[in-house]
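# Observations on chain architecture
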Amino acid sequence: MQRFVDSSLAVVKEGFLMQWINGGSNLVNAHRENCLWNGKALSCKILLGGQSVKTITYESLNNIARLINGVSALLLAILPGKANILEGIQGWELRPTFRGPRLPRWMGKYELVSPLSTGLSMSFLWILILLQLPITHLEKKIMMAHIRHHLYLKVLASPGASRSPSNSVSHWPSPARSLKRAYTLKDHPVHLTTDRRRGVIEDLHLAIEIFIEAIFDAVHKAAHCLLSPSEAVRLMFRWLSSHSSDTDLSAGDLDVSAPTATLGEGDPTVTERKTTFSNTLNTDARTCQDVITEFGYPYEAIRVVTADGYVLLLERIPRRDSRKAVYLQHGILDSSMGWVSNGVVGSPAFAAYDQGYDVFLGNFRGLVSREHVDKKISSREYWRYSINEHGTEDIPAMIEKIHEIKTSELKGSKPDPKEEAEDDDDQPYKLWAVSHSLGGAAILMYVITRRIEEKSHRLSRMILLSPAGFHDDSNLVFTVAEYIFLLFAPILAPFIPGFYIPTRFFRMLLNKLARDFRNYPAVGGLVQTLMSYGVGGDSSNWVGVIGLPHYNMNDMPGVSFHVALHLAQMKHSKKFIMYDYGSPSANMKMYGSPQPFDLGEHYGLINIPVDLVAGRRDNVIRPSMVKRHFSLMQESGVADVSYNEFGYAHLDFTFSHHEELLAFIMSRLLLEKSSSSTNHQTGEQAVGTSNKKPETDD
């Protein structure tokens, strides 16, 4: 009996002991679960706090941008002459629309769908968190907003899916829409790629979001370390061990290059390109080469050194066996990008190549990069040139390089029987020149000076689009600029060698602001109107041109102070003169006379056909100034000269797609020498037969 009692007491003691042990372990587990629960609750609260702060800052920045856009719209409404300036520029319409809030651009791939849609895992996750966490009423409202957002938004399943619920049955685009998309991709490649870059507002959005995310991530890690010390010690040990193993890495190794598969320029096989992670500024810095090769055209870059040491870039879309070549020369503050910026069917360079021409794209001196044989040349020395150097140094160097290349390539080839009689041994090819604005004045200077020097200019025809040279018929803005340059040139020249944006940061800022001008139409319209006022009311798409990639953070074309002063001298003298060096002795040394050389008086030396084109809406170089060239050429006895007008502004000749202008240029390039002499037109007959009906300016 005693043994039974003792065994019973032992069982009871053991039971109490096991219960006490289990109770202690349960208490420890409960404490651990409580800590984990508190950690999860704190993590969710921190997550909600971060999302709330990001939402508030995002909406605040959007409201500020909308306010700026609204104020710009009010200012634009009271500015005079805006209808003519903004006419024809796509995207600047300010018609009021009554609609709900517009989603940001990065949400452009989303559409409204049924609440019973698929892909609700994120929404269910938020619901589970909402049901389990002890949160406040405000936090619950914020989370419900996130739930509604994930319920009613989804990514489009295919590129052809409709964006409206009523048309969501068909997943294939209509034929009209397909043609429109194909036309857009073909004709506006530069703007399409430019649209993928971020503007200043989007960069602020991204920077603020990254900053807030970093702050709340640091707070979350600190709270996690306080609630779980053992986990913190383990993470600290792991970080120290990894840090000690990476001490041999230098700071320069952070710019890691990743191989990416791309198509080669001339070979369809896949090649490898190095892409660095350091280029996170998201700016459009493409070159003319990038634009040309994107469409599968061949490309060649030729380095040309002038007699005074400037290094020029002569770009080429080569047809090495062709005996027809065209030389395209840009104008002021421009580059070869202007001749290829309108896509395959709208750019003169591509059109000429498709017609069998060997295409050469010239670039004047005057880049911010200051390419020169003297690597240590100062800014003041580099920018010390006028239009004289464009016409007597740049163009001769590039045309002689073209002659050298073509003569070498065609040396052993047999000419076409139709062209054999017209070719000679010295020049087995024909070269046409198409120039715009300042390029037109430079090419005229080149031809006349080469004729005076009794050297061959190697050109068969000149097509001059709104050429510079005469500028006395202009508005008050240019007149004020004229007197400022003439009166203060000795004072300003030592301090302002050229007009350009000197730093990479401000060039990047301009590149990004051009994107914001497209995102906010009223701001873009206001800037467009003000810029148009600054150039005499010309209605060219100035804001759109700023957004092109030749104005990028790496490089951009500039204008020498002496080029601007040279234009002011032409305007003041009412003549097409060469640069006035400021004293009779200096002019005597350069020209053999105390006065600058007058090119207009020597138009009789021009011995090739000339086609002059003016724009009725051009307020930079008005049609009356282009007619001055035409009249002087007629009076001087130029054998074949024509004058034509189109309803364009100054930049429309290169940066806008106009089929009639392109057809005119190609008709002149394809014009045979015999037909051009028999179909010679002069005076008003040329204007009437070559022009479309004149338009009425506002």
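Fair warning: this is a prediction, and the values are worked out from it, not measured in the lab.

## Structural notes on the overall build of the protein chain
Secondary structure summary: the protein chain contains 25 helices and 14 strands in total. In the protein chain, which comprises 698 residues, the proportion classed as buried is 43%. Of the contacts made within the protein chain by residues no fewer than 6 positions apart, 76% connect residues no fewer than 24 positions apart. Just so you have it, the protein chain exposes about 38,000 Å², and 62% of that area is on carbon and sulfur atoms.

## Things to note about the nonpolar core
The biggest cluster of nonpolar side chains holds 69 residues, and the ones touching the most others in it are Tyr327, Ile443, Leu459, Met462, Ile606, Leu612 and Met633. Among the elements that take part in this core, helix α14 (residues 438–452) stands out by supplying nine residues, more than any other. Look past the residues within four positions of Met633 in its chain and what remains in contact with it is Leu444, Tyr603, Ile606, Val610, Leu612, Val638 and Val641. Trp339, Ala351, Leu465 and Leu669 belong to the second-largest nonpolar core, a separate cluster that totals 34 residues.

## Notes on the packing of helix α7 (residues 200–227) against helix α16 (residues 504–519)
One can describe the packing of α7 onto α16 by two numbers: an axis separation of 7 Å at closest approach and a directional angle of 100°. With respect to α16, the axis of α7 lies roughly perpendicular. The segment α7 lies against α16, with Val200, Ile201, Glu202 and Asp203 engaging Leu509, Lys512, Leu513, Arg515, Asp516 and Asn519. A class-by-class count of the residues in the contact of α7 with α16 yields four nonpolar, one polar and five charged.

## Focus: the sheet that holds strand β9 (residues 430–436)
Across a sheet, paired strands are connected by hydrogen bonds in the backbone, their directions being either parallel or antiparallel. Here we have eight strands laid out as an open sheet, ordered β5-β6-β8-β7-β9-β10-β13-β14, and mixed in their pairing. On the outer flanks of this sheet lie β5 (300–305) and β14 (641–646), each paired with one strand and no other. Pairs of neighbouring strands in the sheet enclose a mean axial angle of 20°, with direction left out of account. When strand β7 (residues 324–329) meets β9, the two strands line up parallel, connected through six bridges. What sits directly across from Val326, in β9, is Trp432. Of the strands in this sheet, β13 (610–615) and β14 touch helix α21 (residues 623–636), which is tilted by about 165° from β14.

## Considering the pairing of strand β8 (residues 358–362)
Counting buried positions over the five residues of β8 gives five, a clear majority of the element. Along β8, one buried face is formed by Asp358, Phe360 and Gly362 and the opposite face, lined by Val359 and Leu361, is buried too. Here three bridges tie strand β6 (residues 311–317) to β8, and the two strands are oriented antiparallel to one another. Bridge pairing in β8 places Arg316 opposite Phe360. With five bridges connecting them, β7 and β8 associate as parallel partners. Note that in β8 the partner of Tyr327 across the bridge is Phe360.

## Considering the pairing of β5
Side-chain positions along a regular strand alternate between the two faces of the sheet. Inspection of the sheet shows β5 paired to β6 by six bridges, in the antiparallel sense. Looking at β6, one finds that Glu300 is bridged to Arg316. Linking β5 to β6, which pair antiparallel, is a turn of five residues; within it Gly309 sits at a positive phi near 95°.

## Remarks on the side chain of Thr306
Inspection of the secondary structure puts Thr306 in the loop between β5 and β6. Exposure remark for Thr306: the relative accessible area of 5% places this residue in the buried category. Polar contacts involving the side chain of Thr306 include one to the side chain of Asp308, which spans 2.4 Å. Every residue in contact with Thr306, bar those within four places of it in the chain, is listed here: Leu312, Arg365, Glu393, Asp394 and Ala397.

## A short note on the pattern of salt bridges
Any two side chains of opposite charge can pair, on the condition that their charged atoms come close. In the structure shown here, the tally under the stated rule is 21 salt bridges. Among the salt bridges present, the one from Glu409 reaches Arg316, with a minimum N-O distance of 2.8 Å. With a gap of 93 residues between them, Glu409 in helix α12 (residues 387–409) and Arg316 in strand β6 connect regions that are remote in the sequence. Owing to a relative accessible area of 25%, Glu409 belongs among the partly exposed residues under this scheme. Residue classification places Arg316 among the buried residues on the basis of a relative accessible area of 0%. Between Glu645 and Arg616 there is a salt bridge; the shortest N-O distance is 3.6 Å.

## A few points about unusual backbone geometry
With a phi close to 65°, Arg458 is a non-glycine residue in the positive phi region. The residue Arg458 is located in the loop between α14 and β10 (461–465) in this model.

## Focus on helix α19 (residues 561–573)
Helical geometry: 3.6 residues make up each α-helical turn, so side chains three or four residues apart lie on a common side. Taking 1.5 Å per residue as the helical rise, α19 with its 13 residues ought to reach 18 Å, and the 18 Å between its terminal C-alpha atoms agrees with that figure. Buried within α19 we find Phe561, Val563, Ala564, Leu565, His566, Ala568, Gln569, Met570 and Lys571. In the core, the buried residues of α19 are packed alongside α12, α14, α15 (476–492), β11 (498–499) and β12 (559–560). Taking the backbone nitrogen of His562 as reference, a side-chain oxygen 3.2 Å away marks Ser560 as the first, capping residue of α19. Backbone geometry just after α19 places Lys574 at a positive phi near 60°.

## A closer look at the side chain of Glu645
Within the secondary structure, Glu645 sits in strand β14. By relative accessible area, which is 10% here, Glu645 ends up buried. A polar atom in the side chain of Glu645 sits 2.6 Å from the side chain of Tyr643.

Criteria and thresholds
- Residues numbered from 1 in each chain as written.
- Predicted model: local features only at pLDDT ≥ 70, side-chain atom pairs only at ≥ 80, totals over all residues.
- Heavy atoms only, no water.
- Helix = DSSP H or I, 4+ residues; strand = E, 2+ residues; numbered from the N terminus.
- Buried < 20%, exposed > 50% of the residue type's maximum accessible area, 1.4 Å probe, protein only.
- Contact = heavy atoms within 4.5 Å.
- Areas by Shrake-Rupley, 256 points an atom, 1.4 Å probe, with all protein chains shown as cover.
- Core = buried A, V, L, I, M, F, W, Y, C linked by side-chain atoms within 4.5 Å.
- Axes fitted to C-alpha atoms, helices over the stretch in contact; angles between N-to-C directions.
- Parallel < 35°, antiparallel > 145°, perpendicular 65-115°, else oblique.
- Nonpolar A, V, L, I, M, F, W, Y, C, P; charged D, E, K, R; others polar.
- Pairing = 2+ DSSP bridges.
- Polar contact = N/O pair within 3.5 Å; in protein donor to acceptor, adjacent residues only side chain to side chain.
- Salt bridge = Lys/Arg side-chain N within 4 Å of Asp/Glu carboxyl O.
- Expected span 1.5 Å × (residues − 1).

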